[in-house]
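Report on the structure
Each chain is listed here by its residues.
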Amino acid sequence: MARHPQPRRITLGGHEAVALTVREYEQLMASRRQIGGQIARVRVLAQQLKRTEQLLGELEDLVGGAADCHPQDAECLRCAIADLLRRHRTPGTPRLV
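Right, let's walk through the structure included here. Since we're looking at a predicted model, the values are computed, not measured. (Residues numbered from 1 in each chain as written. Predicted model: local features only at pLDDT ≥ 70, side-chain atom pairs only at ≥ 80, totals over all residues. Heavy atoms only, no water.)

A few points about the environment of leucine 77
Defined as follows: To qualify as a helix, a DSSP run of H or I must reach at least 4 residues; to qualify as a strand, a run of E must reach at least 2; elements of each kind are numbered from the N terminus.
With respect to the element layout, leucine 77 can be found in helix 2 (residues 77–88). When the C-alpha atoms of leucine 77 and valine 63 are compared, they prove to be 9.6 Å apart, with 14 residues separating the residues in sequence.

Dropping the structure here:
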């Protein structure tokens, strides 16, 4: 496993600071840019997830009473969609709507 480099501590103007080589500084900046890009992607995915959860919640509301609709009718689209939504909802997962 890679050993973590120990920072070189210096005192500058009475304040403790850490000295980096140019290469270390460039690596630090590259890492910050990568993390910034990843954070932006995670934000977009979180927004898409929220919209999808909201859509699924609204679909559940539309077909919510479908269990009593046609209990014996395998051809009923409303019943099939309600059953599909029930099967794919993780038990105990709250709706985000």
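Some thoughts on the layout of surface pockets
For clarity, the cut-off: Of the grid points, spaced at 1 Å and generated over the protein atoms alone, those admitting a 1.4 Å probe that cannot get out make up cavities, while open sets with protein on both sides within 12 Å along at least five of seven lines make up pockets; any residue with an atom within 4 Å of a point is treated as lining. Grid points are joined across faces, edges and corners, and a volume is the space filled by probe spheres set on the points.
Approximately 210 Å³ is the volume found for the largest pocket. Surrounding the largest pocket, Pro5, Gln6, Pro7, Arg8, Val18, Ala19, Leu20, Glu24, Gln27 and Leu28 form its lining. Of all the secondary structure elements, the ones that give two or more residues to the lining of the largest pocket are strand 2 (15–19) and helix 1 (22–63). Ranked by residue count, the leading element in the lining of the largest pocket is helix 1, at three residues.

Some thoughts on the pairing of strand 2
When a strand is regular, its side chains alternate between the sheet's two faces. How we decide: Strands are treated as partners if at least two bridges between them are detected by DSSP.
Across five bridges, the pairing between strand 1 (residues 8–12) and strand 2 is antiparallel. Bridge pairing links arginine 9 to valine 18 in strand 2. Hairpin connection between strand 1 and strand 2: a loop of two residues separates the two successive antiparallel strands, and glycine 13 in this loop has a positive phi of roughly 60°.

Digging into a nonpolar patch on the surface
What counts, and what does not: Patch membership requires more than 30% relative accessible area and the absence of a salt bridge. Residues of like charge join within 9 Å; the nonpolar side chains Val, Leu, Ile, Met, Phe, Trp and Tyr join within 5 Å. Under the convention used here, a 1.4 Å probe and the Shrake-Rupley method define accessible areas, while residue burial counts only the protein chains that appear. Only one rule defines a salt bridge in this text: a Lys or Arg side-chain nitrogen within 4 Å of an Asp or Glu carboxyl oxygen.
Among the surface-exposed residues, Val18, Leu20, Tyr25 and Leu28 lie close enough to one another that they form a single nonpolar patch of about 370 Å² accessible area. Tracing the backbone shows tyrosine 25 in helix 1.

Quick look at helix 2
We apply this condition: A helix's residues, less one, multiplied by 1.5 Å, set its expected span. Whether a residue is buried, partly exposed or exposed follows from its accessible area with a 1.4 Å probe, protein chains only, as a fraction of its type maximum: under 20%, in between, or over 50%, in that order. Throughout, the arc means the angular range of directions from the helix axis out to the C-beta atoms.
The end-to-end C-alpha distance of helix 2 is 17 Å, a good match for the 16 Å that 12 residues give at a rise of 1.5 Å each. Those residues of helix 2 not exposed but buried are Cys79, Ala82 and Leu85. The buried residues of helix 2 occupy one face: seen down the axis, they fall within an arc of 130°. Opposite the packed face of helix 2, turned more than 90 degrees from it, sit the exposed residues Leu77, Arg87 and His88.

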